[in-house]
Amino acid sequence: MSKRALRRMPLEKLMDLKVDYAFKQLFGSEKNKEITVVFLNAILQKTGRDTIREVVFIDQEVGGQFVDDKQSRLDIVVRTQTGDFINVEMQLSNQNDMVKRTLYYWSRLFSEQLRRGEVYQDLRPTITINICDFTLFSQTDHYHSTYHLYEDTVLERLHPEDDVLEVHFIEMKKFIQAWHDEILDPLDDLLVRWLLLLGMVDARKQRVYDEIYEELEALAMKDERLMEAFEAWDELSATPEMRMAYTSRLKNILDAESRLRYAKTTGIEEGRKEGKEESIKEVIRNGYENGVSLSTLSILTGHSEQ
């Protein structure tokens, strides 16, 4: 396939794959299943999981058993040929609840496997993968963190032969920084290729990393699945209905971020005002108790007598 075929869509028109709608359309589609399998294997190779050969997509909602339950539709859920469950979540904005949300999603997906009459031994390993476009763990520069259940002293896994809990966090900002620092090798690291694909377009900054495209363009000539991903991405970005849905979703995300920033700023400012007001009242109270007249205190603090 020629380079021209790889680049039918202008780069600036490509969807940002870190927007959950675009991510789900590319990696959660039955017709792109082979791309999904390669992508998942690239992530799970770090923890030595068996190679995934086949996946079945599952539409999964968590919660909703009771009227007031919080209900969420998971981004991508698959069941592998061994019966393991994998949930992949794309998160563009930091809502400061990522860890607890992850454990909630994992617990519901794990527990809802059992049907009436089944036994606990039937529960299969459940893996949650979170791809975050923000810094989650400031204490480390590693962009790919994995978590299991360990004993505190000897650090032995709770269930090593069939580890039922595995949680991945991939932090895209750290990854892009590592790319700029030239410490990544997409030629030998399959996961680096796929994360570069996710990081190539930044909708917030309205920017495309041309240097990433050039690197991936060369690799795609020899990587069949990467080439298929480019073609599917191109088609997705060029489809008017999908483009409209993507634009609407991106706007909703950015509007929500704007409201959150405003709320934080307003809250901080209100807190400062309240703090200043309390400080003035404390000065007046202490001064009055020590014999300073209210008229003198009002002059000193600029606060009218009450």
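Caption draft 1: Region of interest: the overall build of the protein. The helix and strand inventory of the protein stands at ten helices and ten strands. Sorting the 306 residues of the protein into buried and exposed places 44% on the buried side. A separation threshold of at least 6 residues defines the contact pool for the protein, and within that pool the share at least 24 residues apart is 65%. Carbon and sulfur atoms make up 50% of the accessible area of the protein, which amounts to about 17,800 Å² in all.

Caption draft 2: Summary view of helix 3 (residues 33-44). Given a rise of 1.5 Å per residue, twelve residues ought to cover 16 Å, and the 16 Å separating the end C-alpha atoms of helix 3 matches this to within 8%. Extensive coverage of helix 3 is indicated by the burial of eleven of its twelve residues. Here helix 3 has its buried residues at Lys33, Ile35, Thr36, Val37, Val38, Phe39, Leu40, Asn41, Ala42, Ile43 and Leu44.

Caption draft 3: The sheet that holds strand 1 (residues 55-57), seen in detail. Strands sit in the order 1-4-5-6-8-7 across an open sheet of six strands; the sheet is mixed. What marks the edges here is a single partner per strand, and that holds for strand 1 and strand 7 (144-147). Strand-to-strand, the axes of this sheet are offset by a mean angle of 20 degrees, without reference to chain direction. When strand 6 (residues 126-132) meets strand 8 (residues 165-171), the two strands line up parallel, connected through seven bridges. The partner of cysteine 132 across the bridge, within strand 8, is glutamate 171. Its contacts with the sheet place helix 5 (residues 172-180) against strand 6 and strand 8, and it is angled at close to 55 degrees to strand 8.

Caption draft 4: Broad picture of the nonpolar core. Judged by nonpolar contacts, the single largest core of 65 residues is most densely connected at Phe27, Ile131, Trp194, Leu197, Leu198 and Met200. Per-element tally for this core: the top contributor is helix 3, with eight residues. Look past the residues within four positions of leucine 197 in its chain and what remains in contact with it is Leu17, Phe27, Leu216, Leu226, Ala229, Phe230 and Trp233. Phe110, Leu123, Leu165 and Val167 belong to the second largest nonpolar core, which has ten residues in total.

Caption draft 5: Fine view of a negative patch on the surface. Together, Glu12, Asp210, Glu211 and Glu214 give the surface a local cluster of negative charge. If you trace the backbone, glutamate 12 turns up in the loop between helix 1 (3-6) and helix 2 (20-27).

Caption draft 6: Main features of the packing of aromatic side chains. If you walk through the whole model with that rule in mind, you get 13 aromatic pairs. Taken together, a centroid distance of 6.3 Å and an interplanar angle of 65 degrees make the contact between phenylalanine 39 and tryptophan 194 edge-to-face. Residue phenylalanine 39 is found in helix 3, and its partner tryptophan 194 is found in helix 6 (residues 190-199); the two are separated by 155 residues along the sequence. The two residues phenylalanine 39 and tryptophan 194 agree in class, both being buried. With a centroid separation of 5.8 Å and 50 degrees between ring planes, the pair formed by phenylalanine 137 and tyrosine 147 is classed as tilted. A residue pair is termed long-range when its members are at least 10 positions apart, and phenylalanine 137 in the loop between strand 6 and strand 7 and tyrosine 147 in strand 7 qualify at ten residues. Since its relative accessible area comes to 10%, phenylalanine 137 is described here as buried. Its relative accessible area of 37% is what places tyrosine 147 among the partly exposed residues.

Caption draft 7: A look at the pairing of strand 4 (residues 76-80). Most of strand 4 is tucked away, with four of its five residues classed as buried. Bridging between strand 1 and strand 4 involves three bridges; their strand directions are antiparallel. By the bridge assignment for strand 4, phenylalanine 57 is matched with valine 78. In the sheet, strand 4 pairs with strand 5 (residues 85-91) via four bridges, with the strands oriented antiparallel. If you follow isoleucine 76 over to strand 5, its bridge partner there is valine 88. Joining the antiparallel neighbours strand 4 and strand 5 is a turn of four residues, in which glycine 83 adopts a positive phi near 95 degrees.

Caption draft 8: Region of the structure containing the packing of helix 5 against helix 7 (residues 210-220). Here helix 5 crosses helix 7 at 80 degrees, and the two axes come no closer than 12 Å. When the axis of helix 5 is compared with that of helix 7, the two are roughly perpendicular. For the pair formed by helix 5 and helix 7, the contact residues are Ile176, Trp179 and His180 on the first element and Glu211, Ile212 and Glu215 on the second. A class-by-class count of the residues in the contact of helix 5 with helix 7 yields three nonpolar, one polar and two charged.

Caption draft 9: Fine view of the environment of phenylalanine 110. With respect to the element layout, phenylalanine 110 can be found in helix 4 (residues 98-111). What makes phenylalanine 110 buried here is its relative accessible area of 15%. In this structure the C-alpha to C-alpha distance between phenylalanine 110 and aspartate 84, which are 26 residues apart in sequence, comes to 9.8 Å. Filtering out sequence-adjacent residues up to four positions away, phenylalanine 110 remains in contact with Leu123, Arg124, Thr126 and Val164.

Parameters and conventions
Residues numbered from 1 in each chain as written. Predicted model: local features only at pLDDT ≥ 70, side-chain atom pairs only at ≥ 80, totals over all residues. Heavy atoms only, no water. Helix = DSSP H or I, 4+ residues; strand = E, 2+ residues; numbered from the N terminus. Buried < 20%, exposed > 50% of the residue type's maximum accessible area, 1.4 Å probe, protein only. Contact = heavy atoms within 4.5 Å. Areas by Shrake-Rupley, 256 points an atom, 1.4 Å probe, with all protein chains shown as cover. Expected span 1.5 Å × (residues − 1). Pairing = 2+ DSSP bridges. Axes fitted to C-alpha atoms, helices over the stretch in contact; angles between N-to-C directions. Core = buried A, V, L, I, M, F, W, Y, C linked by side-chain atoms within 4.5 Å. Patch = residues over 30% accessible without salt bridge, like charges linked within 9 Å, V, L, I, M, F, W, Y side chains within 5 Å. Salt bridge = Lys/Arg side-chain N within 4 Å of Asp/Glu carboxyl O. Lys, Arg positive; Asp, Glu negative; His and termini not counted. Charge placed at Lys NZ, Arg CZ, Asp CG, Glu CD. Phe/Tyr/Trp six-rings, centres within 6.5 Å; stacked < 30°, edge-to-face > 60°. Parallel < 35°, antiparallel > 145°, perpendicular 65-115°, else oblique. Nonpolar A, V, L, I, M, F, W, Y, C, P; charged D, E, K, R; others polar.

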